[in-house]
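Chain and residue survey
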Amino acid sequence: MDANKLLAIVCVSEMLMESSSSSKDSEEDDNKKIFALASVIRETHPRQTGYLSVIMEYSNSDFWRHFRVSKATFNYLLRFMEKNKFRSEITYYGGYEPMSNSEVLLITLQYLGNQGAIRLLADKFDRTESSIWNAIEWVCNFLFKHQSRFIKWPVETEMPYIASKFKDKCGFPGIVGAIDDCHIPFHPLLADQKSYRNYKKFHSFVIMAIVLYDGTFSYVFSGFPGSSHDSYIFHRSSLYNKLNNHCSSMFNPRRYHIIGDSAFPIQQWCLTPYKKGPNGITRSQRTFNFKLSATRMVVEHSFGELKNRFRRCQNVYAKIEKAVNVVVSSCVLHNIYIQKGDINRESYCHIPLYCNVNPNHCDQRENQDSCTLLGQTKRERIRNSFTTRNVIAFARR
């Protein structure tokens with residue numbers, strides 16, 4: 001018999017004899033005995049060993065299937081982290097060998113790319129569950145801190161090229177970004193469940209983003225409760241404040257604009273579809289709406305790619321602060337993968353995007369302020385340009 005087990009049995013028998021022979025022991029003394037007994041017995045959990053060695057033998061396709069990234073991009077991420085002093089000082093206090101940066105990154109990528117439980121990662125990497133959580137938190141905090149390196153608004157000189165690439169999609173001029181939001185299912189604390197419960201009766205928080213023609217995110221704003229409406233979130237974002245007050249520092253609003261659905265305001269810098277009135281909409285307005293919506297699909301495709309590649313974003317089991325870090329970190333990795341040409345190698349599967357969960361409760365009548373009138377005038381000008389092109393094209397036949 002193991003010496004520790006034998007000693008534990010002796011301690012238990014002595015404690016039982018004392019408790020039966022004397023009733024004067026206080027509760028505090030009993031607790032001390034229990035703690036002393038617990039310190040003698042050490043829990044052991046058999047785990048897998050040698051998984052890091054197995055990873056080294058993975059082919060490129062196997063590596064991608066497990067970590068949702070190519071080996072080349074993984075090495076780029078590792079170099080970037082070490083160059084920016086990620087865990088530059090690792091102190092070893094004895095016991096388990098400290099995790100290397102490579103192991104920490106592998107753990108995080110497998111966590112983000114799958115819906116498996118933390119205990120499965122702990123078993124696979126031969127680490128405790130708390131160590132797995134620490135690794136995930138280190139990497140996500142690092143990526144969140146450096147998000148401005150990869151999620152950034154284009155400079156003014158890039159606007160003509162971006163607008164031309166958007167125009168190549170459906171002929172819609174002047175677009176420098178498509179805006180939308182989607183809901184991330186997660187599990188809030190009991191006290192916060194009411195505010196995070198959305199119109200479709202599940203708990204979520206919202207990520208709002210602007211996407212470029214190639215599917216990369218140029219702006220991300222995340223964390224508002226799922227019960228909040230799109231317009232409410234947008235009006236409280238840093239992006240709205242900047243566009244509404246200092247738009248010229250981002251782009252020329254007379255020439256360029258972002259596009260969104262009817263939940264967003266019609267402005268000179270933001271164009272939205274025509275809303276159906278009592279008499280419906282005209283044929284030219286329907287053409288305008290079709291071109292705008294077809295071009296705006298790029299943002300929904302990006303959300304789909306995000307949830308398909310980083311499957312943790314489909315359902316996050318974490319507190320809201322950590323959940324936001326997980327989603328923003330996934331957006332950062334999404335941009336890095338696109339910039340490195342690391343395409344999704346799996347066929348796209350249907351994933352609920354939850355882009356239009358809450359009904360639009362804002363006033364359907366568009367406010368007639370000066371900014372809105374400028375937006376309506378700009379929208380009319382573009383609509384008329386579509387009509388003129390159709391007439392010219394028909395005349396050339």
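This text gives an overview of the structure that appears in the document. Just so it is clear, the structure is predicted and the values come from calculations on it, not from any experiment. (Residues numbered from 1 in each chain as written. Predicted model: local features only at pLDDT ≥ 70, side-chain atom pairs only at ≥ 80, totals over all residues. Heavy atoms only, no water.)

1. Points about unusual backbone geometry
- Positive phi outside glycine occurs at Arg 68, with the angle close to 60 degrees.
- Inspection of the secondary structure assignment puts Arg 68 in the loop between α4 (60–67) and α5 (71–83).
- Judged by its relative accessible area of 3%, Arg 68 falls in the buried class.
- With a phi close to 60 degrees, Asp 126 is a non-glycine residue in the positive phi region. (Helix = DSSP H or I, 4+ residues; strand = E, 2+ residues; numbered from the N terminus. Buried < 20%, exposed > 50% of the residue type's maximum accessible area, 1.4 Å probe, protein only.)

2. Here we look at the packing of helix α9 (residues 159–170) against helix α13 (residues 283–309)
- At a closest axis distance of 9 Å, the pairing of α9 and α13 adopts a crossing angle of 120 degrees. Judged by the angle between their axes, α9 and α13 are oblique. Where α9 crosses over α13, the handedness of that crossing is right-handed. Taking contact as the criterion, the partners of Phe 166, Lys 169 and Cys 170 in α9 are, on α13, Lys 291, Ala 294, Thr 295 and Val 298.
- Here the residues of the contact of α9 with α13 sort into 4 nonpolar, 1 polar and 2 charged. (Axes fitted to C-alpha atoms, helices over the stretch in contact; angles between N-to-C directions. Parallel < 35°, antiparallel > 145°, perpendicular 65-115°, else oblique. Left-handed = near helix turned anticlockwise from the far one by under 90°. Contact = heavy atoms within 4.5 Å. Nonpolar A, V, L, I, M, F, W, Y, C, P; charged D, E, K, R; others polar.)

3. Focus: the sheet that holds strand β3 (residues 217–225)
- The 5 strands lie next to each other as β3-β2-β1-β4-β5, forming an open sheet whose pairing is mixed. Two strands in the sheet have a free side with no partner beyond their single neighbour: β3 and β5 (270–271).
- For strand β4 (residues 257–259) and β5, the ladder comprises 2 bridges, and the chain directions are parallel. By the bridge assignment for β5, Ile 258 is matched with Cys 270.
- Each of β1 (175–185), β2 (204–211), β3, β4 and β5 is contacted by α13, which is oriented at about 40 degrees to β1, the strand it contacts most. (Pairing = 2+ DSSP bridges.)

4. Things to note about the pattern of salt bridges
- Per the counting criterion, the structure on display carries 7 salt bridges.
- In this structure, Glu 380 and Arg 383 form a salt bridge, with 2.5 Å as the shortest nitrogen-oxygen distance. Here the residue Glu 380 and the residue Arg 383 both occupy positions in helix α15 (residues 370–395), the gap between them amounting to 3 residues, near one helical turn. (Salt bridge = Lys/Arg side-chain N within 4 Å of Asp/Glu carboxyl O.)

5. Looking at the pairing of β3
- Of all 9 residues making up β3, 7 are buried, and the element is well covered by its neighbours.
- Of the pairings in the sheet, the one linking β2 to β3 comprises 7 bridges and is antiparallel in character. The residue of β3 that forms the bridge with Met 208 is Phe 221.
- In this structure, the hairpin formed by β2 and β3 is closed by a connection of 5 residues, where Gly 215 is found at a positive phi of approximately 95 degrees.

6. Description of the environment of Thr 128
- In this structure, Thr 128 sits in the loop between α7 (118–125) and α8 (129–145).
- According to the relative accessible area criterion, Thr 128 is partly exposed, its value standing at 29%.
- As a C-alpha pair, Thr 128 and Ile 118 span 10 residues in sequence and 9.4 Å in three-dimensional space.
- With near-sequence residues (within four places) excluded, Thr 128 lies in contact with Arg 47 and Ala 122.
- A polar contact is formed between the side chain of Thr 128 and the side chain of Ser 131, at a distance of 2.8 Å. (Polar contact = N/O pair within 3.5 Å; in protein donor to acceptor, adjacent residues only side chain to side chain.)

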